[in-house]
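Topology and contacts: notes
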Amino acid sequence: MTNFIPIFPLGIVVYPGESLNLHIFEPRYKQLINECNKAKKPFGIPAVIENKMQEYGSMVEIIELSKVYENGEMDIKTKGVRVFRILEVIKDLPDKLYSGAIVNYPDNKEKGNIEMMRKLMASIRELHQLLKVNKDFKKPDEEMNVYELAHHVGLSLEEDYELLNLLDERQRQEYLKRHLAKVIPMLTGMEQLK
């Protein structure tokens, strides 16, 4: 299925299910947010890496307009919905300050391996212990998914984007496993150097 969506390119990766707070100040995005909020429609956040808009991003829905300032700027709460892939960018839209894109929604297999998730959670706790980070995930390990963990393991923007491109939960689990297998020994070594 393909359709047209308004887009708000940002230098971040938003995962499905992830909450994201934004401060909107540019006129084109104030228009985009006002229109999407009024129509109760989601918008797309494609990742921007090294000043280049990438092919993949996430649809996000507006959960709340937290604050509207006198000058029209606003603080909003959003939540990632699903991954999209841009087929074509449409820069000039009639009466719009923002751009849009024709996108499709690749199949995204959500089911992972429960045993692998338990192992990942154990590795993440080990990582957090090394970093002296205290994080409560508020869900049993086997109910977690990689999207909920990705921003808690020290991935770079490029790695976040690579992970977004993986459309099978088992592949995402494997990606995190490899990342943690690389990072934890490195941090352990640094601790020993201290």
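Residues numbered from 1 in each chain as written. Predicted model: local features only at pLDDT ≥ 70, side-chain atom pairs only at ≥ 80, totals over all residues. Heavy atoms only, no water.

1. Describing the nonpolar core
- By size, the foremost hydrophobic cluster in this structure holds 31 residues, and its most contacted members are Tyr-15, Leu-149 and Leu-155.
- Put simply, the parts of the chain that give this core at least two residues each are strand E3 (43-49), helix H2 (114-131), helix H3 (146-149), helix H4 (157-165) and helix H5 (169-193).
- Leaving out residues up to four positions away in the same chain, Leu-149 has contacts with Met-117, Met-121, Ile-124, Phe-137, Met-144 and Leu-176.
- Listed in part, the 18 residues of the second largest apolar core include Ile-24, Val-60, Leu-93 and Tyr-98. (Core = buried A, V, L, I, M, F, W, Y, C linked by side-chain atoms within 4.5 Å. Buried < 20%, exposed > 50% of the residue type's maximum accessible area, 1.4 Å probe, protein only. Helix = DSSP H or I, 4+ residues; strand = E, 2+ residues; numbered from the N terminus. Contact = heavy atoms within 4.5 Å.)

2. Points about the packing of aromatic side chains
- Using the criterion set out here, one finds 3 aromatic pairs in the structure.
- Plain terms: the ring middles of Tyr-15 and Tyr-147 are 5.4 Å apart, the flat faces sit at 25° to each other, and that makes the pair stacked. Note that Tyr-15 is positioned in the loop between strand E1 (2-6) and strand E2 (19-24) and Tyr-147 in helix H3, a separation of 132 residues in sequence.
- Taken together, the ring pairs in this structure connect Phe-8, Tyr-29 and Phe-43 into an aromatic cluster.
- The ring of Tyr-105 has Arg-82 sitting right over it, with the charged end atom 3.6 Å from the ring centre. (Phe/Tyr/Trp six-rings, centres within 6.5 Å; stacked < 30°, edge-to-face > 60°. Lys NZ or Arg CZ within 6 Å of the ring centre and 35° of its normal.)

3. Digging into the pattern of salt bridges
- Under the definition given, this model contains 12 salt bridges.
- For Glu-148, the salt bridge identified is with Lys-139, shortest N-O distance 2.6 Å.
- With relative accessibility at 28%, the residue Glu-148 sits in the partly exposed group.
- Looking at Lys-139, the relative accessible area reads 33%, which means it is partly exposed.
- Among the salt bridges present, the one from Lys-177 reaches Glu-174, with a minimum N-O distance of 3.8 Å. With Lys-177 and Glu-174 both in helix H5 and 3 residues apart, this pair spans about one turn of that helix.
- Because the salt bridges share partners, they merge into one network encompassing Glu-115, Arg-118 and Glu-142. (Salt bridge = Lys/Arg side-chain N within 4 Å of Asp/Glu carboxyl O.)

4. Re unusual backbone geometry
- Of note, Lys-40 is a non-glycine position whose phi angle comes to about 55°, a positive value.
- In the Ramachandran plot, Glu-50 falls in the positive-phi region, its phi being about 50° despite a non-glycine side chain.
- Topologically, Glu-50 is positioned in the loop between E3 and strand E4 (52-68).

5. Notes on the layout of surface pockets
- Considering only enclosed or pocket space, the largest pocket measures out at about 450 Å³ in volume.
- Lining of the largest pocket is provided by 22 residues; of these, Pro-16, Gly-17, Glu-18, Tyr-147 and Glu-148 occupy positions nearest its centre.
- Every element with two or more residues in the lining of the largest pocket is listed here: strand E5 (74-90) and H3.
- Of the residues belonging to the lining of the largest pocket, the class tally is 8 nonpolar, 6 polar and 8 charged. (1 Å grid on protein atoms, 1.4 Å probe; cavity = no way out; pocket = protein on both sides within 12 Å on 5 of 7 lines; lining within 4 Å. Points joined across faces, edges and corners; volume = space filled by probe spheres on them. Nonpolar A, V, L, I, M, F, W, Y, C, P; charged D, E, K, R; others polar.)

6. Here's the deal with the confidence of the model for the chain
- Per-chain confidence: the chain averages 94 in pLDDT, with 98% of residues scoring 70 or above.
- In the model of the chain, H5 stands out as the element of lowest mean pLDDT, 88, in contrast to E3, which has the highest, 98. (pLDDT = per-residue confidence, 0-100.)

7. Describing the environment of Leu-155
- Inspection of the secondary structure assignment puts Leu-155 in the loop between H3 and H4.
- Separated by 63 residues in the primary sequence, Leu-155 and Asp-92 have C-alpha atoms spaced 34 Å apart.
- Apart from the residues lying within four places of it in its own chain, the contact partners of Leu-155 are Tyr-15, Ala-150, Asp-160, Leu-163, Tyr-175, Leu-176 and His-179.

8. Examining the pairing of strand E6 (residues 100-104)
- Counting buried residues along E6, 4 of its 5 residues qualify, which places the element largely inside the surrounding structure.
- Relative to E6, E1 is paired through 5 bridges, and the arrangement is antiparallel. What sits directly across from Phe-4, in E6, is Ile-102.
- Judged from the 5 bridges that link them, E5 and E6 form a sheet pairing that is antiparallel. Its bridge partner being in E6, Glu-88 is matched across the sheet by Ile-102. (Pairing = 2+ DSSP bridges.)

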